[in-house]
Amino acid sequence: MNEYPSVDSELLKKMVAEGIQQRRKSKDEDEQPERTWSVRPLTQDEKKTLARDRTLLRDSLWNTVGMSSLITLTFVLGRWPQNFWLLHFFFMIVLLPFRYYQFKQKNEELYLLDFCYFGGAYYSAFGTGIALFRVTTGIKTWLVVYNGLLFKFMFAFASGPLAISVYLFRNSLVLFHPGFATSVWIHTSPTVVMWAVRWGGGLGYAAFERAWPGLADVCGDVDPEVADSCMLDLWCDACPARRREFMVYPLCFYIVFWSIPYYLVMFHVLSDWAKRTGKSTLFQDYMAADTSAGRFLRSLPPMVQPVVYLSFHALHVLLSSGIGWIFWHSFPLHTAFLVVTVLTTIVNGSGYIFKVFSLRYYAERVEAAREAEEEAEVAAEKAVARADKVLAAEPKGAARKRLATIAAILIPYFAVVIVIIRLEIL
């Protein structure tokens, strides 16, 4: 059975051809340099379609989760800053597996071996986890002997390399983008924890010591009240710390526990596998960057490139960790730096939302409209092809047969009608 009646085939072909010609004409006009745009209110059907858009629903859900988390973190930091480290530990054990899932989807899981995760996420999660184990069970590990020194290492890493990475990588606080929000958390939360412990979140170290006696061993044998005596001064030596505790010792820790293992794993153990599977790494991004450092690395022999790259990284850690020594002695400077860092993520996020993200959303909608138009054209062309097929398949003399069939039906009909009329007349 033919899909289209033979009687309507010519008309169908004409209508479809006119429709295609009109759409192509409109498309050509849209491609002209000068365009005229107009804005109209959405129809009810368009509003319903937009409301059912899965992308918008997903982003709305993530924005709700992000906003709720931000409100909770801000409230706890303002009301109970001495307990913020517990919330930090909880968020870390939730976000790190989620981060792995995100990177796994993009073939980027080797990013999790970078120092930002080792010196920030893993180190802080391990430290707060050990502290939680200690306060809940009363069991002290052998690390308690080095408690004060390990805390200074974390303070140096969090206030230096991690916090500066916010500026280097343009971390953006976009609540409906879980990847961006997680990056901001990884780089800023350890800094906030160190600020909340060292300065008691503005209440003084004594407030933290009263809540968790001997947990962090921040100022050693110095009385907490004495350590807070000059907290509001621009420089306070009441809780002393030596420069080498923030620069030399952390650098040795960095080399032994991260730099050397990272070199062996990334450039020897997993090197072939990473290349074969196309894994993304920060080293590759650094090499591909159109910067003076990237061009310099590319000019070196391949065997030397990893060593020079890690040397640059070590120099960055050494110099930026020294900033931690300054913040250790200055509550005003540390607080100002923390506020500026958080505001930077907000500004970057606002720029992303109103510039990059809005344009991306527009581009996605335009692309979807173009795809729909192309699908409509393809469907219309298929309809024309089917119509041509119907006409081509129609046998010669079919019109005459149709007329004969119609005549065979109508002639007896009219004959009967005439007979009835004559009988009525008679």
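Nothing here was measured: the structure is a model prediction, and the numbers come from that model.

Each value, and the rule that gives it
Each chain has its residues counted from 1, running along the sequence as written. Only residues with pLDDT of at least 70 are given local features in this predicted model, and only at 80 or more are side-chain atom pairs given and counted; all residues enter the totals for whole chains, interfaces and linings. Based on all heavy atoms of the structure, the side-chain values leave hydrogens and waters out of the count. Only DSSP runs of H or I covering at least 4 residues are called helices, and only runs of E covering at least 2 are called strands; the numbering of each starts at the N terminus. To estimate how far a helix should extend, the number of its residues minus one is multiplied by 1.5 Å. Think of it in three bands: with a 1.4 Å probe and only protein chains considered, a residue is buried below 20% of the maximum accessible area for its type, exposed above 50%, and partly exposed in between. A pair of cysteine sulfur atoms is labelled a disulfide when the two atoms are within 2.5 Å.

**Observations regarding helix α4 (residues 84–105)**
Since the α-helix packs 3.6 residues into each turn, any two residues three or four apart lie on the same face.
And step 1. An ideal rise of 1.5 Å per residue puts 32 Å on 22 residues; α4 measures up with 31 Å between its terminal C-alpha atoms.
And step 2. Within the span of α4, buried status applies to F84, W85, L87, H88, F91, M92, L95, L96, R99, Q102 and F103.
And step 3. At the C-terminal side of α4, N107 shows a positive phi close to 65°.

**What about the state of the cysteines?**
And step 1. Within this structure, the stated rule accounts for two disulfides.
And step 2. Disulfide pairing places C219 opposite C239 at an S-S distance of 2.0 Å. Negative torsions about the S-S bond denote left-handed disulfides, and the value of about -110° found for C219 with C239 makes this one left-handed. Of the two residues, C219 is situated in the loop between α8 (205–211) and α9 (224–227) and C239 in the loop between α9 and α10 (248–269); the sequence distance between them amounts to 20 residues. For the pair shown, C219 and C239 are each scored as buried.
And step 3. The disulfide that involves C230 links it to C236, with 1.8 Å between the sulfurs. Across the S-S bond of C230 and C236 the torsion is about 70°, and the bridge reads as right-handed.
And step 4. By relative accessible area, which is 13% here, C230 ends up buried.
And step 5. C236 sits in the buried class, given a relative accessible area of 1%.
And step 6. Across the chain, the disulfide pattern expressed with sequentially numbered bonded cysteines is 1-4, 2-3.

These values are about where atoms sit, not about what they do.
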